[in-house]
Amino acid sequence: VEVFGSVPRSLFSLFRLMNGDTDVVATVTTTAFGQLLFVSFMVLANWAILAILTSVVSDNMISASSKAQEEEDRVQKQIDYEDRCTRLLTLFKEIDRDRSGAISSEEWKSMCEDRGLMHELCAATELEPRDLEELFEYLAVDVELDRKHSMDRPSLGRFQSVGEKILHYQALIDHLRCDGDPADRRSVLRILARMQAMEQMMEARFNKLERNVKVSGGATN
């Protein structure tokens, strides 16, 4: 009665018990039922609650640490990307004398044959030479098609060869930022738009070829 005679006394006695003062249960543990009750309370109060609190605190710490690491990785990735952009722009501007923002397939080939330039290009892009060749084939566009669909770009007057492919090196730099990201709806739409433009260009060339064949046939007759 002195220890558990009222609700306030019981709460205080349980608080003392949770902090290791077992004198408050000396009279209770004289029986088997009292001992079972004491053991059950200690397991629930000390072990279970302590495990739950530890788990919650640990989870919050891990979550905070992960967010901090993600933010640090994002900042470092941006710094690395800007450094790569600077190196690539310096490299391409050595080839692009008229600042048109593009290089031809011949200029690209010369660049790849130069060991120093190729080494710098591989280091800046973190790609192998074979990957760079595939990337050029993917990003290069026909100069005639580019003139029709990119009126806002700088003059491409130095590219005169019919069917010549050119690479806008800003497109390559932008690709490096997105490399490894999952494709979104906008990316798919861009691919579809490019495929449509290529289809129109091929259709126009076939029509022109067909007209030339008809003209040549008529002249022969």
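Predicted, not measured: the structure shown is a model, and the values here were computed from it.

Conventions we followed
Residues numbered from 1 in each chain as written. Predicted model: local features only at pLDDT ≥ 70, side-chain atom pairs only at ≥ 80, totals over all residues. Heavy atoms only, no water. Axes fitted to C-alpha atoms, helices over the stretch in contact; angles between N-to-C directions. Helix = DSSP H or I, 4+ residues; strand = E, 2+ residues; numbered from the N terminus. Parallel < 35°, antiparallel > 145°, perpendicular 65-115°, else oblique. Contact = heavy atoms within 4.5 Å. Nonpolar A, V, L, I, M, F, W, Y, C, P; charged D, E, K, R; others polar. Expected span 1.5 Å × (residues − 1). Buried < 20%, exposed > 50% of the residue type's maximum accessible area, 1.4 Å probe, protein only. Arc of directions from axis to C-beta. Salt bridge = Lys/Arg side-chain N within 4 Å of Asp/Glu carboxyl O. Pairing = 2+ DSSP bridges. pLDDT = per-residue confidence, 0-100.

**Observations concerning the packing of helix H3 (residues 105-113) against helix H5 (residues 129-139)**
In step 1: Following both chains from N to C, one finds H3 and H5 inclined at 175 degrees, their axes separated by 12 Å at the closest point. Overall, the two elements H3 and H5 adopt an arrangement that is roughly antiparallel. Contact with H3, carried on its side by Ser 105, Trp 108 and Cys 112, involves Leu 132, Glu 133 and Phe 136 of H5 and no other residues of that element.
In step 2: Here the residues of the contact of H3 with H5 are counted per class, giving four nonpolar, one polar and one charged.

**Side note on helix H1 (residues 7-18)**
In step 1: Look at H1: 16 Å from first C-alpha to last across 12 residues, which is about the 16 Å you get at 1.5 Å a residue.
In step 2: Among all positions in H1, only Ser 10, Ser 13 and Leu 17 are buried. Buried residues along H1 cover an arc of 65 degrees about the axis, so they all sit on one side. Opposite the buried face of H1, at more than 90 degrees from it, the exposed residues are Pro 8, Leu 11 and Phe 15.
In step 3: For H1, the elements touching its buried residues are helix H2 (32-95).

**Let's talk about the pattern of salt bridges**
In step 1: Applying the stated criterion across every chain, the model contains four salt bridges.
In step 2: Here Lys 165 and Glu 137 are joined by a salt bridge, their closest N and O atoms 3.9 Å apart. With a gap of 28 residues between them, Lys 165 in strand E3 (residues 165-168) and Glu 137 in helix H5 connect regions that are remote in the sequence.
In step 3: Take Glu 137: its relative accessible area is 49%, and that puts it in the partly exposed class.

**Re the sheet that holds strand E1 (residues 102-104)**
Whether parallel or antiparallel, the strands of a sheet pair through hydrogen bonds between backbone atoms.
In step 1: Across the sheet, which stays open at both edges, the three strands sit in the order E1-E3-E2 with antiparallel pairing between neighbours. Taken across any chain shown, the strands that pair with only one partner, and hence form the sheet edges, are E1 and strand E2 (141-142).
In step 2: Alignment of E2 against E3, held across two bridges, turns out to be antiparallel. Residue pairing across strands places Asp 142 opposite Lys 165, the latter belonging to E3.
In step 3: Together, E1, E2 and E3 form the strand contacts of H5, whose direction differs from that of E3 by roughly 100 degrees.

**Thoughts on the confidence of the model for the chain**
In step 1: Averaged over all residues, the pLDDT of the chain equals 78, while 83% of them reach at least 70.
In step 2: For the chain, helix H6 (residues 143-149) is the element with the lowest average pLDDT, namely 62, and helix H4 (residues 115-125) is the one with the highest, namely 86.

**Focus on the side chain of Thr 125**
In step 1: By secondary structure assignment, the location of Thr 125 is in helix H4.
In step 2: Assessed through its relative accessible area of 1%, Thr 125 is described here as buried.
In step 3: When residues no more than four places from it in sequence are discounted, the contact partners of Thr 125 are Arg 84, Leu 88, Leu 132, Leu 172 and Leu 176.

**A look at the side chain of Ser 13**
In step 1: Residue position: Ser 13 is located in helix H1.
In step 2: The class of Ser 13 is buried, set by a relative accessible area of 4%.
In step 3: Excluding its chain neighbours within four sequence positions, the residues that come into contact with Ser 13 are Val 3, Phe 4 and Val 24.

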